[in-house]
Amino acid sequence: MTEFFNLHEELLKLQDANYFFPNEISVRELEALELDKMLNDTTDRISENSLSIIINAELFDILRSFVKNFNDLKSTTMNRVLDIILSGFKAEYEATSNDLNEDEEETFSEHRIALEMYGFLLLWLISNAENKADSKSGANGTVVATGGRTRRQRQTKSKSSSSSTDNSSDEWDWSAQKLIALNLMVKILGLRLKKIWTSTHEKDTFVSLFTKSAYRILENVNNIKDPAIKRVVYQILSTCVKDHNHAFGAQTSIIQNLQYYEHLSEPMAEFLDVLAKQCDHTQIAEEILMFLVKLSELVPKVVMKQIGLLVKHLDSECPPMRMGLIEVLSNLIIDLANQEDQASNYVSQINGFFDALEERFLDVNTFCRSKLLQVYLKIVDLKAKFPKRRQKLTDLVIRALKDKGCNVRKNAIKLLTRLIATHPYGVIHGGELSVREWEDRLEKVENELRAIQPPQEFTEVGAETSTPLLSDDDSQSEDMDVDMPDVLINQNTSATSATSADEIMRLQLTRRYYADAVRFIHQVHTAIPTLCQLLGSTTKSEVLEAMEFFVTAYTYKMEFAIEGIKRMLHLIWIKDNNDEGKGIRNRLIDSYYKLYIETDVSLSDKEAVNLVTRNLISLTYNATLAELTSLEQLMSTMMAEELISDNVIAKLWSVYSVSTKQIPKVQRRGAIIILGMFAKAKMEIVQEKTDLLLKIGLGPFGKADLSLAKYTCIALQRLGGNKARVKGSLNNDSIRFPMSHPIFHRLKQMIEFQTSSQEWFAVAEQAINTIYLLGEHPDILCAEIIKHKTAFVFDLKVPKADDMDIDGDNFLPDQEQFMTHPLQLSQLIFIVGHVAIKHIVHLEFIEDEWKRRKAEAESKDTEKAAKNPGDDELEQVAGTTEDEFGEAIAHIREKELLFGENSLLVNHTLQICATLALAKLMCVSSEFCENNLQLLFTILERSSEPTIRSNIIIALGDMTVCFNNIIDENINYLYKRLSDPDNLVKKNTLMVLTHLILNGMIKVKGQLGEMAKCLEDEDQRISDLARLFFTELASKDNAVYNNLPDIISNLSSGDNPVNEESFKKIMKFLFEFIEKDKHTENVVEKLCQRFKNLDDRRQWRNIAYCLSLLPYKSERIVKRLLEGMSHYQDKLHENDVHKAFMDIISRVKLIKPQKPEMKQLVDELESKIEEFRQRSQE
């Protein structure tokens, strides 16, 4: 029955000017009555069965005849034909939909042919109707947008028929039926067409009926003016793109429409916007925008002509569109700026483009802001520098450093680095940006200006001349970078008169030039704190870019860069077990090598060595302990990688040992610090110069500079070996010397050296460390030192002259003065305490040595052991169990060291040292610790000296590690110090608790609220430590989630609650760690229950704010909130409580796509909240 119709073939024939088909009826020759009878009969048949069109070929031919001669019909007949086709099409749609729902597969083939026939007729009719509408508009004097070859061909096809049309038919208007036809197309496209058309080609041919109709309607400019028609057309095309494989066809059609129809530029952009927003289909928009971007790069003049239309879409809700237009604008700026001869003609255009780009810094999309910074990287590299624009750009970039998007921050750092590298202030004095030098130059030129008194005849001229030069409205001087005038570059040119107008102009220009440079340097300076924070970012790219910034700034002599250079040092501790860690460590090493070790090839070898030595020593100046520790790791790493030459090491020894001339103490001190760091990787550096170390560092120079002696001791410690001891390992590669070695004699002299300097304590500490690290029997020497020191202190006997070197300036001259001075007793107590703590380590070494010997003995063959039975010690060791070793060492620690027959059991310095010694002794024995713990707590609570409290806190941390069960019962004493008035005590307390909690040495029992308060501490270091603690804690068994209720109670209603603003900031940080839906659900339930029986309005607000911080991702969470309404419904009259719940509802509504169940819950929650709020207010 359907052999007479093939859709593909019919569409091909329709393209011919004369469409022929058999059994065509000559409609124009029939009378009106015959036409009406024929249409009535057709209507009846289709009304009875929409499939009649495929059963009866005659019926289809009748409809084709009417559509072919459509423009020759009267308006009433036209309406009837259109109604017949639309009603039949609609009936067939409904029949097809029903059969699809019931899965009547045997009917699908009939429905397929019927839908194709109706679609074919509708396409043909729409084409004729739109042609007639265009001709009517042309006849009425309306300009019809028909551009190009394609449209003229369409007009040619209907030319013969339209020439014979009656005047009455010209008045036909099908606007009312147009929207009906388009909505019907939307419905049909919503069917499951894949079930009806099994062939993709056939389905695409059917879909093309609707796409062609839609594009044809868009070609008429009058249709574009109707928002309803335009919306439905966009919907048809979007559905075809998304569901029916029309993406490629849409790309082609859009390009053709933009080429042939001028009025379609905006509609096509709107269509792309609809695709991206409503259909989530951005591929076409992105590809077209890629084309525009490339076109703006290659042929910018073509894009410039249409920029007015493109700029309007910078406010589009489609991020890829905004990103593409941002890049287009940048390409246009680059093109205009490169036209040097005509640059002044484009100033207003360039300014307009810059204004548009600067607005995009506030774009809501992270990718758009990131793209903006990327395009600016190309702009700042231009020869034209746009000085005033640079100043505003610098402010915007600095603000972007705090952006929430890591890509934005990364590109902001990169752009700020490029702004420094391409700055426009290198014309006169080179490229360096030292703020001191530029401020001096600015002050000098201002003094010259004040000294000049212009003659009367130049006063008015000078005023008229200087005003435009300094005006901010002069776009030429502001935004276009031109060559500096000769009067600026050649400042030494002689002028005919010192007070001439030219001289004043030159000085004013110079002043402005200097002022801009100073302002730029200060702008960059404001970004340093943020950039230092970004060095600690968890994102590798940010860290690398921040490092590159500081290296660049330091290269340009910007003084503040040293702060970041020092902060970079700590990155050496990043673990290199992944590519990110290796990348950062390698960049750090490369950066320091470039800044401090790499030299100019123009220098001689001697000059290069001197420069590198001077640079390395300068790294130690004013360095903190943390910086020196990180520097040691960096220097030893560089030494291990053989980046340091032997000539530099030799020069460092030369500086350290120079005695023929006076050199600054810090210089000699810096040399041994660096040498000690190198020796950590290569022991031979100090092994070959041991005598020199004893002569200089532990000789007269060391006694004159105790810091030099301290670092000499540290360098000597490298003789013990470079390998770190592995816990539990029996291998021991450490090197030890007999106690008769000259090292120990010198160390003993330094410890017994009489001085009132506080630096003695640091020297004594390192000297004792060295003795225990290098000596075979350090306890013998230390016992002798303690006895000698005790005899000297209590018996008041001055040591013999040959045994003691005297510091003339600091020596206490007579015994009477010494008796009133507690310093000597403090030194004795310090020695005792430090020897005790080091002796514990030494006992562990002895235990390991015993075990090692036992393992060696057991490994020997039995026969060999029988042949060599002489080693009694080995036999004794071999017959001892490891438990006996441990028991023996424990007995020594518990009973002999402190409780022997001659056991050693406090003025300001004396108190500090005595307390510190007591704390160290308590780490030795659990019995001693338990007996004196309350005494230590009393000192901790009552001492007015922050140093004592700080030392006790650190010691309590060590005791917790040694004797966990003793300290755990009194852990609240540690938490109380988090509220200590002294920041050092507070910081040390936080560090100790962080270490203990994160390593599982103590359990958290509801005290986290005190640590949470530190998140808003005034001291930035404390707040940073607290943030690091909670970040690490969050990764351990839901610790933050489990303790959240206690934290909220402590912060809002504890003994010392925080203010509401701090509470919000703390909670916002902590709630970021609640990620699991189950946890969120439980927290919502618990917080809702907290409302019950609360009368404090502040706690209402706090709980409501906490609820607003949670992510409501699932229906279960919202349902929990709804179920808990009985607990908070009477609190909704409080404005802040109500606002918090409305914020929750607003955020949930923004979740896309939103399930119907979620929408229903949210609507119910919103209605109930408003209902109870009104009740409460009444």
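Going by what an unreviewed UniProt entry lists, the protein is known as Condensin complex subunit 1 and is assigned to Cetraspora pellucida. The UniProt entry for the protein carries this comment under Sequence similarities (unreviewed entry): "Belongs to the CND1 (condensin subunit 1) family."

Teacher, can you tell me more about the overall build of the protein here?
Helix and strand counts for the protein stand at 65 helices and 0 strands. Scored against the burial criterion, the 1178 residues of the protein give a buried share of 50%. If you sum the accessible surface of the protein, you get close to 58,100 Å²; carbon and sulfur atoms cover 49% of it.

Even after reading the chapter, I still don't get the environment of Leu719, so can you show me in this structure?
One can find Leu719 in the loop between helix H41 (706-716) and helix H42 (742-752). On a C-alpha basis, the gap between Leu719 and Lys682 in space is 9.8 Å, while along the polypeptide they are 37 residues apart. Ignoring sequence-local partners within four residues, the contact set of Leu719 consists of Met683, Val686, Gln687, Thr690, Ile735, Phe737, Ile743 and Leu774.

How do you make sense of the pattern of salt bridges when you look at a structure like this?
If the charged atoms of two oppositely charged side chains come close together, the side chains can form a pair. In total, this model carries 49 salt bridges according to the counting rule given. Note that Arg322 is salt-bridged to Asp363, the shortest N-O span being 2.7 Å. A residue pair is termed long-range when its members are at least 10 positions apart, and Arg322 in helix H20 (residues 319-338) and Asp363 in the loop between helix H21 (347-359) and helix H22 (366-379) qualify at 41 residues. The exposure class of Arg322 is buried, given its relative accessible area of 5%. In this structure, Glu1164 engages Lys1168 in a salt bridge whose closest nitrogen and oxygen atoms are separated by 3.4 Å.

I keep staring at helix H58 (residues 1039-1053) and nothing clicks. Help me out?
For an α-helix, 3.6 residues make a turn, and residues three or four places apart therefore share a direction. When the terminal C-alpha atoms of H58 are compared, their 21 Å separation across 15 residues agrees well with the 21 Å that a helix rising 1.5 Å per residue should span. At Pro1045, H58 shows its maximal kink, close to 45 degrees. Those residues of H58 that sit buried are Ala1039, Val1040, Tyr1041, Asn1043, Leu1044, Ile1047, Ile1048, Asn1050, Leu1051 and Ser1052. Among the structural elements, helix H56 (1008-1013), helix H57 (1020-1033), helix H59 (1060-1070), helix H60 (1077-1090) and helix H61 (1097-1109) are those in contact with the buried residues of H58.

I tried to follow a nonpolar patch on the surface on my own but got confused; where do I start?
Together, Ile255, Leu258 and Phe291 make up an exposed nonpolar region whose accessible area comes to about 260 Å². Note that Leu258 resides in helix H15 (residues 247-260). The exposure class assigned to Leu258 is partly exposed, which follows from its relative accessible area of 39%.

For this particular structure, what's the right way to read the packing of aromatic side chains?
Working definition: an aromatic ring pair is given by the centre-to-centre distance plus the angle between the planes. According to the stated counting rule, one finds 32 aromatic pairs in the structure shown. Where Tyr554 meets Tyr596, the ring centres are 5.9 Å apart and the plane angle is 45 degrees; that geometry is what we call tilted. Here Tyr554 is found in helix H31 (residues 540-555), whereas its partner Tyr596 is found in helix H33 (residues 579-597), with 42 residues between them in sequence. Between Phe937 and Tyr973, the aromatic rings sit 4.0 Å apart at their centres with planes inclined by 5 degrees, giving stacked as the arrangement. Here Tyr973 lies in helix H54 (residues 972-976) and Phe937 lies in helix H51 (residues 926-942), a separation of 36 residues in the sequence. Take Phe937: its relative accessible area is 1%, and that puts it in the buried class. Aromatic ring contacts, followed pair by pair, group Phe5, Tyr19, Phe21, Phe60, Phe120 and Trp124 into a single cluster. Above the face of the Trp438 ring, Arg441 is positioned so that its terminal group lies 4.8 Å from the ring centre. Over the ring of Phe1069 we find Arg1027, and its NZ or CZ is 4.7 Å from the ring centre.

Any chance you could explain the packing of H58 against H60 here in plain terms?
In helix packing, the relevant descriptors are the interaxial angle and the interaxial distance, both defined with respect to the helix axes. For the pair H58 and H60, the least separation of the axes is 11 Å and the interaxial angle reads 25 degrees. On the basis of their axis angle, the class for H58 and H60 is roughly parallel. The handedness of the crossing between H58 and H60 is right-handed. Residues Tyr1041, Leu1044, Pro1045, Asp1046, Ile1048 and Ser1049 of H58 pack against His1079, Asn1082, Val1083, Lys1086, Leu1087 and Arg1090 of H60. Looking at the contact of H58 with H60 residue by residue, the class counts come to 6 nonpolar, 3 polar and 3 charged.

How should the environment of Leu643 be read in this particular structure?
Mapped onto the elements, Leu643 comes out in the loop between helix H35 (625-640) and helix H36 (646-657). Sequence separation between Leu643 and Tyr593 is 50 residues; the distance between their C-alpha atoms is 8.1 Å. The residues touching Leu643, leaving out its near neighbours within four places in the chain, are Ile589, Tyr593, Ile597 and Met638.

Which parts of the structure should I look at to understand the environment of Arg736?
Note on placement: Arg736 falls in the loop between H41 and H42. Setting aside residues up to four positions removed in sequence, Arg736 forms contacts with Tyr772, Leu773, Leu774, Gly775, Glu776 and Phe845. Reaching out from Arg736, the side chain makes a polar contact with the backbone oxygen of Tyr772 at a distance of 2.8 Å. At 3.4 Å, the side chain of Arg736 forms a polar contact with the backbone oxygen of Leu773.

I keep staring at unusual backbone geometry and nothing clicks. Help me out?
Excluding glycine, most residues fall at negative phi; most peptide bonds, likewise, are trans. Here Asn245, not a glycine, exhibits a phi torsion of approximately 60 degrees, which is positive. Mapped onto the elements of the fold, Asn245 is located in the loop between helix H14 (227-243) and H15. The backbone phi angle of Phe386 is positive, close to 50 degrees, even though this residue is not glycine. Among the structural elements, Phe386 can be located in the loop between H22 and helix H23 (387-400).

Just checking my understanding: could you explain the side chain of Thr960 for this structure?
Here Thr960 is to be found in helix H52 (residues 946-962). A polar contact of 2.7 Å, which involves the side chain of Thr960, links it to the backbone oxygen of Leu956. For Thr960, the contacting residues outside a window of four places in its chain are Ile967, Leu996, Met1001 and Ile1002.

Even after reading the chapter, I still don't get the packing of H58 against H61, so can you show me in this structure?
Following both chains from N to C, one finds H58 and H61 inclined at 140 degrees, their axes separated by 10 Å at the closest point. For the pair H58 and H61, the sense of crossing is right-handed. Of the residues in H61, those touching H58 at Ile1048, Leu1051, Ser1052 and Ser1053 are Arg1098, Gln1099, Asn1102 and Cys1106. Partitioning the contact of H58 with H61 into residue classes produces 3 nonpolar, 4 polar and 1 charged.

What's the story with the nonpolar core in this structure? I'm lost.
Counting 249 residues, the largest nonpolar core has Phe120, Ile236, Leu416, Leu531 and Phe678 as the members making the most contacts within it. If you tally residues by element for this core, the top one is helix H6 (residues 108-139), at 13 residues. Core analysis: the next-biggest nonpolar cluster, separate from the first, contains 92 residues, Ala1026, Phe1091, Cys1106 and Leu1122 among them.

In this structure, what is going on with the confidence of the model for the protein? I would like to understand it.
Scored by pLDDT, the protein comes out at a mean of 80, with 83% of its residues at no less than 70. Counted against residues more than four places away or in other chains, residues 141-170, with its pLDDT under 50, gives 51 contacts. Scored below 50 in pLDDT, residues 801-820 shows 30 contacts in the model against residues more than four places distant or in partner chains.

About the thresholds
Residues numbered from 1 in each chain as written. Predicted model: local features only at pLDDT ≥ 70, side-chain atom pairs only at ≥ 80, totals over all residues. Heavy atoms only, no water. UniProt positions renumbered as here; feature names shortened; annotations may be inferred. Helix = DSSP H or I, 4+ residues; strand = E, 2+ residues; numbered from the N terminus. Buried < 20%, exposed > 50% of the residue type's maximum accessible area, 1.4 Å probe, protein only. Areas by Shrake-Rupley, 256 points an atom, 1.4 Å probe, with all protein chains shown as cover. Contact = heavy atoms within 4.5 Å. Salt bridge = Lys/Arg side-chain N within 4 Å of Asp/Glu carboxyl O. Expected span 1.5 Å × (residues − 1). Bend = angle between axes of the 7 residues up to and from the residue. Patch = residues over 30% accessible without salt bridge, like charges linked within 9 Å, V, L, I, M, F, W, Y side chains within 5 Å. Phe/Tyr/Trp six-rings, centres within 6.5 Å; stacked < 30°, edge-to-face > 60°. Lys NZ or Arg CZ within 6 Å of the ring centre and 35° of its normal. Axes fitted to C-alpha atoms, helices over the stretch in contact; angles between N-to-C directions. Parallel < 35°, antiparallel > 145°, perpendicular 65-115°, else oblique. Left-handed = near helix turned anticlockwise from the far one by under 90°. Nonpolar A, V, L, I, M, F, W, Y, C, P; charged D, E, K, R; others polar. Polar contact = N/O pair within 3.5 Å; in protein donor to acceptor, adjacent residues only side chain to side chain. Core = buried A, V, L, I, M, F, W, Y, C linked by side-chain atoms within 4.5 Å. pLDDT = per-residue confidence, 0-100.

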